[in-house]
Structures are given as C-alpha cells and as structure tokens.
Amino acid sequence: MEYILIVEKDPKDLQMLCEALGEEYKIGTCTSKEEAVEILQHKIPDLLIFGHAEPELSALDLIEHVKLSDELTKVPMIVLSHGDDENFERRCMRLGVSDFIFYPFSKVGILSRVNRVLEFQ
C-alpha cells in the first residue's frame, strides 16, 4: 500500500484529505514544515501533499528541501491552493510540484488527482 504524507494545519482540510485517501492509501499526517522534515528523515513517502496555510515561504521551503535531498528528489508533491496566486503556483511548478488541488475541494477530486499523480510516477 502506497504511503502518503499530508502536511496541513487546518483540521477540517486534514480530515477531508484523510477520509478521501484513507481507504486506498496508508496516510501519515503532520501540521508543520518542521514536523514534515523530521518525518522525512525517517520515512520516505510515495507522495507528499501539503497546504500553504503557513506563510507562503514555508511551502516553498518544503518543496526546495524535498528537491535538494537525494533520497526525496523523486517524491511527487501536490500543493493545496486557493488558485488566487499565480506567481506562487508558477514558482511551485518551477521547483517541481506535480499538481495542485484547488479549494474548495471534494473527496472525489482529491482521490482523482492523487491517483493520477501516483500513476505517472
């Protein structure tokens, strides 16, 4: 079973992500970039999903951390986005983000995007 690490502060969004993915995937969760970095030192996920409820720089820092690590460089990433900051999204894509899930999201939409990203890896 593939392992997905979700980094999300908002409890409602985290719950919806877990409910949408929990039947098909093994899920790990954390609520900060720092927790994610700690977890990533010990367990490499098949997919990383994260929001950017923290300041935008933290999301970009996490993307850079993943892409600069030899062990993590091939881990696909999906970012949760409100779709209102094209500059942020362009920067994410340049850094290697695989896809976005746009708010308001649905369980079907989450599962569809995750399945598609993992299928192409």
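Residues numbered from 1 in each chain as written. Predicted model: local features only at pLDDT ≥ 70, side-chain atom pairs only at ≥ 80, totals over all residues. Heavy atoms only, no water.

**Remarks on the packing of aromatic side chains**
Quick note on the threshold: Only rings of Phe, Tyr and Trp enter the pairing, Trp through its six-membered ring, and a pair is recorded when the two centres are within 6.5 Å. The plane angle decides the type: under 30 degrees is stacked, over 60 is edge-to-face, the rest tilted. Exposed residues in this analysis have more than 50% of their type's maximum accessible area, buried residues have under 20%, and partly exposed residues fall in between, with area computed by a 1.4 Å probe over protein chains only.
Within the structure shown, the criterion is met by 2 aromatic pairs. Ring centres of F100 and F102 lie 5.8 Å apart, and the angle between their planes is 25°; this geometry places the pair in the stacked category. Ring centres 5.0 Å apart and planes at 40° place the aromatic pair Y103 and F105 in the tilted group. On the accessibility criterion, F105 (11% relative accessible area) is buried.

**Focus on the environment of M77**
Spelled out, the test is: Only DSSP runs of H or I reaching four residues or more are called helices, and only runs of E reaching two or more are called strands; each is numbered from the N terminus. By definition in these notes, contact holds between two residues if any of their heavy atoms fall within 4.5 Å.
Of note, M77 is situated in strand β4 (residues 77–81). Along the primary structure M77 and F88 are separated by 11 residues, whereas in three dimensions their C-alpha atoms are 15 Å apart. Residues in contact with M77, not counting those within four places in the same chain, are L47, L48, F50, I63, V66, K67, G96, V97, S98 and D99.

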